[in-house]
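An overview of the molecular structure
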Amino acid sequence: MDPNFWIERWKNAEIGFHREKVHDFLPRYWPSLALAPGSAVFVPLCGKSHDMVWLAAQGHRVIGCELSPLAVDAFFREQDLVADVRPVGALAVWSAGPFTIWCGDIFELPEEAVRDVAAVYDRAALVAFPPSLQVRYAETLLTLLPQDAPMLLVSLAYPDGQINGPPFSTPRAQVDALFAEAHEIELAETRDGLDESQNLKARGVTSLDEAAYILKRM
């Protein structure tokens, strides 16, 4: 996908993917990862998610990656934080308090950004990519992240052909195809997510499975 697609979505406030509350899968399943206090967690394609605030409230250092500078600026402003901004390669690093957000293309993220990450939380990153780029995204995580870092992954699946993504339908078979070679994959929960996704319902989606997976490297 053209990165300008997401830049324009934020510029025009077309952000139906943003949730105004913490996703309930996060407090329900994050404790099962049993992370040490003070550990760093990675949130890819983080936007201005309230989930990052919840993670910080659990004592974590939060490392995000987000393409849109408007989204990053909005996050720090809404948290009443003044960020220090510095360039690192092709990205800009915004940091304040427990939050560090690398602003730029995730495929240009340097290994140093996530070297000490203890876990990953992906609510809207994988499903933002079409299948061809999902492969590249999964390979990028495998390459960059420490081998012992588990992931809490939230995915969506809807009937083929009902809408053009994003979000892109990513059922269990696709999750397995992307990650099963290197991970043990546990389906923690699946549920009807359509009532929580009025934007997708308005676009023509008639059924939506929302699933939480816990991935651990083998």
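Refer to the structure above for everything that follows.
Residues numbered from 1 in each chain as written. Predicted model: local features only at pLDDT ≥ 70, side-chain atom pairs only at ≥ 80, totals over all residues. Heavy atoms only, no water.

**So, the pairing of strand β6 (residues 117–122)**
For β6, a buried count of five out of six residues is recorded, marking the element as mostly surrounded by other parts of the structure. The pairing of strand β1 (residues 40–44) with β6 spans three bridges and is classified as parallel. Looking at β6, one finds that A40 is bridged to V117. Note: β6 against strand β7 (residues 151–157), three bridges, orientation parallel. (Buried < 20%, exposed > 50% of the residue type's maximum accessible area, 1.4 Å probe, protein only. Helix = DSSP H or I, 4+ residues; strand = E, 2+ residues; numbered from the N terminus. Pairing = 2+ DSSP bridges.)

**Overview of the packing of aromatic side chains**
Under the counting rule described, the total for this entry stands at 10 aromatic pairs. Ring geometry for F5 versus W6: centroids 5.0 Å apart, planes at 90 degrees, classification edge-to-face. With relative accessibility at 17%, the residue W6 sits in the buried group. A network of ring pairs unites the aromatic residues F5, W6, W10 and F17 as a single cluster. Geometry around F107 places R136 over its ring, the cationic atom sitting 4.1 Å from the centre. R191 extends its terminal NZ or CZ atom over the ring of F25, reaching a point 4.2 Å from the ring centre. (Phe/Tyr/Trp six-rings, centres within 6.5 Å; stacked < 30°, edge-to-face > 60°. Lys NZ or Arg CZ within 6 Å of the ring centre and 35° of its normal.)

**Concerning helix α5 (residues 131–144)**
If you check α5, its first and last C-alpha atoms are 20 Å apart, about what 14 residues at 1.5 Å a residue would give, namely 20 Å. Among all positions of α5, only L133, Q134, Y137, A138, T140, L141 and L144 are buried. The arc enclosing the buried residues of α5, seen along the axis, measures out at 155 degrees, which places them on a common side. Exposed side chains of α5 directed beyond 90 degrees from the buried face belong to S132 and T143. Those residues of α5 that are buried are in contact with β1, β6, β7 and α6 (172–179). (Expected span 1.5 Å × (residues − 1). Arc of directions from axis to C-beta. Contact = heavy atoms within 4.5 Å.)

**A closer look at the pattern of salt bridges**
The tally for this structure, following the rule as stated, stands at 12 salt bridges. The closest approach of N and O atoms between D116 and R61, which form a salt bridge, is 3.0 Å. Residue D116 is located in the loop between β5 (99–103) and β6, and its partner R61 is located in strand β2 (residues 61–66); the two are separated by 55 residues in the primary sequence. Take R61: its relative accessible area is 38%, and that puts it in the partly exposed class. D176 is the partner of R172 in a salt bridge, and the nearest nitrogen-oxygen pair spans 2.8 Å. With R172 and D176 both in helix α6 and four residues apart, this pair spans about one turn of that helix. The class for R172 is partly exposed, based on a relative accessible area of 33%. Judged by relative accessible area, which is 27%, D176 ranks as partly exposed. Residues joined in a network through salt bridges with shared partners are D24, R28, E189, R191 and E210. (Salt bridge = Lys/Arg side-chain N within 4 Å of Asp/Glu carboxyl O.)

**Focus on the layout of surface pockets**
In this model, the largest pocket occupies a volume close to 960 Å³. When contributions to the lining of the largest pocket are tallied by element, the ones reaching two or more residues are α1 (3–11), β1, α3 (50–57), α5, β7 and α7 (198–203). (1 Å grid on protein atoms, 1.4 Å probe; cavity = no way out; pocket = protein on both sides within 12 Å on 5 of 7 lines; lining within 4 Å. Points joined across faces, edges and corners; volume = space filled by probe spheres on them.)

**Quick word on unusual backbone geometry**
That bond from G165 to P166 is cis: its omega, 5 degrees, falls within 30 degrees of zero. Note that the residue after P166, namely P167, is joined by a cis bond; omega there is -5 degrees. With respect to the helices, strands and loops of the structure, P167 is situated in the loop between β7 and α6. Within the chain, L45 stands out as a residue other than glycine whose phi angle is a positive 50 degrees. As for its placement among the helices and strands, L45 is situated in the loop between β1 and α3. Residue L45 is classed as partly exposed on the basis of its relative accessible area, which comes to 26%. Of note, D80 is a non-glycine position whose phi angle comes to about 55 degrees, a positive value. With respect to the helices and strands, D80 occurs in the loop between α4 (69–78) and β3 (84–88).

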